[in-house]
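For reference, the chains in residue letters:
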Amino acid sequence: MSYPRIELDCAKIHFNTQLLIDKLTLKGINVTPVTKSCLGHPIIANTLINAGATMLADSRVNNIKRMRDAGITVPTLLIRSPMLSQIESVVAYCDISLNTEIAVMRKLSEAALRCHRIHQVIIMVELGDLREGVMPGNLVHLVKDVIKLPNIKLKGIGANLTCRYGVEPDDINMQLLSDLAEQIEITFSLKLDIISGGNSGSINWALAYQGQTRINHLRLGEAVFLGLVPKNQPQISGLSSTAITLTAEVIESSQKPSYPWGNRGVNAFGETASLQNRGQVNQAILALGRQDVCVDGLHPPAA
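Residues numbered from 1 in each chain as written. Predicted model: local features only at pLDDT ≥ 70, side-chain atom pairs only at ≥ 80, totals over all residues. Heavy atoms only, no water.

Caption draft 1: Highlighting the packing of aromatic side chains. Going through the model one piece at a time under the given rule, you end up with one aromatic pair. Plain terms: the ring middles of W205 and Y209 are 4.9 Å apart, the flat faces sit at 25° to each other, and that makes the pair stacked. Judged by relative accessible area, Y209 falls into the buried class, the value being 18%. (Phe/Tyr/Trp six-rings, centres within 6.5 Å; stacked < 30°, edge-to-face > 60°. Buried < 20%, exposed > 50% of the residue type's maximum accessible area, 1.4 Å probe, protein only.)

Caption draft 2: The arrangement of helix 3 (residues 61–69) in detail. Regarding helix 3, the residues found buried are V61, N63, I64 and M67. Angular distribution of buried residues about the axis of helix 3 spans 160°; they occupy a single face of the element. Seen from the open side of helix 3, the exposed residues pointing more than 90 degrees away from its buried face are N62 and D69. Looking at the buried positions of helix 3, the neighbouring elements they touch are helix 2 (42–50), strand 3 (56–58), strand 4 (76–78) and helix 4 (87–93). The positive-phi residue at the C-terminal boundary of helix 3 is G71, with phi of around 95°. (Helix = DSSP H or I, 4+ residues; strand = E, 2+ residues; numbered from the N terminus. Arc of directions from axis to C-beta. Contact = heavy atoms within 4.5 Å.)

Caption draft 3: Representation of a nonpolar patch on the surface. A cluster of nonpolar residues, I6, L8, L246, V295 and L298, forms a patch on the protein surface that exposes about 390 Å² of accessible area. Topologically, L298 is positioned in the segment after strand 12 (280–286). By relative accessible area, L298 is classed as partly exposed at 36%. (Patch = residues over 30% accessible without salt bridge, like charges linked within 9 Å, V, L, I, M, F, W, Y side chains within 5 Å. Areas by Shrake-Rupley, 256 points an atom, 1.4 Å probe, with all protein chains shown as cover. Salt bridge = Lys/Arg side-chain N within 4 Å of Asp/Glu carboxyl O.)

Caption draft 4: The nonpolar core, seen in detail. One finds L108, I123, L139 and I157 to be the most contacted residues of the largest nonpolar core, which totals 65 residues. Beyond its immediate sequence surroundings of up to four residues, L139 is in contact with I123, V125, V134, I157, L180 and I184. The next biggest cluster of nonpolar side chains, apart from the first, holds ten residues, and it includes L77, L98, I122 and M124. (Core = buried A, V, L, I, M, F, W, Y, C linked by side-chain atoms within 4.5 Å.)

Caption draft 5: Broad picture of unusual backbone geometry. With an omega of -5°, the peptide bond between Y3 and P4 qualifies as cis. On the secondary structure map, P4 appears in the segment before strand 1 (5–8). Phi angles above zero are rare outside glycine, and T162 is one such case at about 65°. Looking at the secondary structure, you find T162 in the loop between strand 7 (152–158) and helix 7 (171–188). Of note, the phi angle at S189 is positive, near 50°, even though the residue is not glycine. Mapped onto the secondary structure, S189 falls in the loop between helix 7 and strand 8 (194–196).

By themselves, these figures tell us nothing about what the structure is for.
Okay, structure coming up:
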């Protein structure tokens with residue numbers, strides 16, 4: 001068996017997915033699990049489907065192709081704006097994609113025409129986190145161009161929050177997204193199927209909100225696999241946070257002083273560590289490092 005390795009507990013992933021679907025369904029919100037953390041592994045994809053998922057999302061076309069090649073037939077959502085170099089693959093393997101650029105959607109239209117398919121798009125709206133999204137004031141103009149494209153169907157609008165600058169979903173920005181959906185439907189006499197209110201960072205807002213909202217969709221990865229809300233990573237009530245285990249080999253185990261000696265500068269990563277002298281400690285070195293994983297995101301198992 002090779003190391004380091006990631007072990008996934010399918011029963012816990014199934015449990016988390018089913019519980020999230022059940023809780024958010026009561027709020028009128030559909031859950032689309034995001035499979036990028038497991039690279040679209042077919043076993044995990046089927047686990048999510050068996051738990052009730054009716055659509056799967058990923059940020060990599062190759063991951064979606066992997067699921068398609070394995071016989072996964074549920075609709076797929078590409079949660080990154082398509083690269084022009086991958087337009088043909090996007091249309092071939094992805095039913096829906098998130099978009100902001102009319103130039104990209106024109107290319108999607110051309111590719112969809114060539115292979116006699118309808119490709120669906122969700123237009124992303126900028127709500128303050130300054131990652132992807134058309135400015136709200138420009139949305140109507142963009143939709144006017146998109147609905148003219150042959151073989152392209154406007155599936156809905158969406159937003160991405162908590163990703164770049166940690167801007168959180170709240171009643172104000174979610175109401176704006178709802179209002180924009182209403183405006184688009186009235187202006188163009190159409191019905192939007194999906195109003196996507198964000199990622200796992202939107203769960204607490206969605207569960208706590210008591211009013212009427214048009215938000216009917218969330219794209220969930222971290223909540224499904226880790227049972228956590230991004231940013232400060234509080235555990236979501238009732239979910240398992242131990243579905244994924246990282247295992248590595250110990251290559252040195254010894255007792256050493258906890259405080260270094262000699263003249264100190266920065267370490268190999270340009271950092272100056274703040275240390276407390278705890279006397280002699282048991283220290284283990286793993287065959288694992290920052291090239292492999294974000295060390296700050298690791299938590300030891302309970303003793």
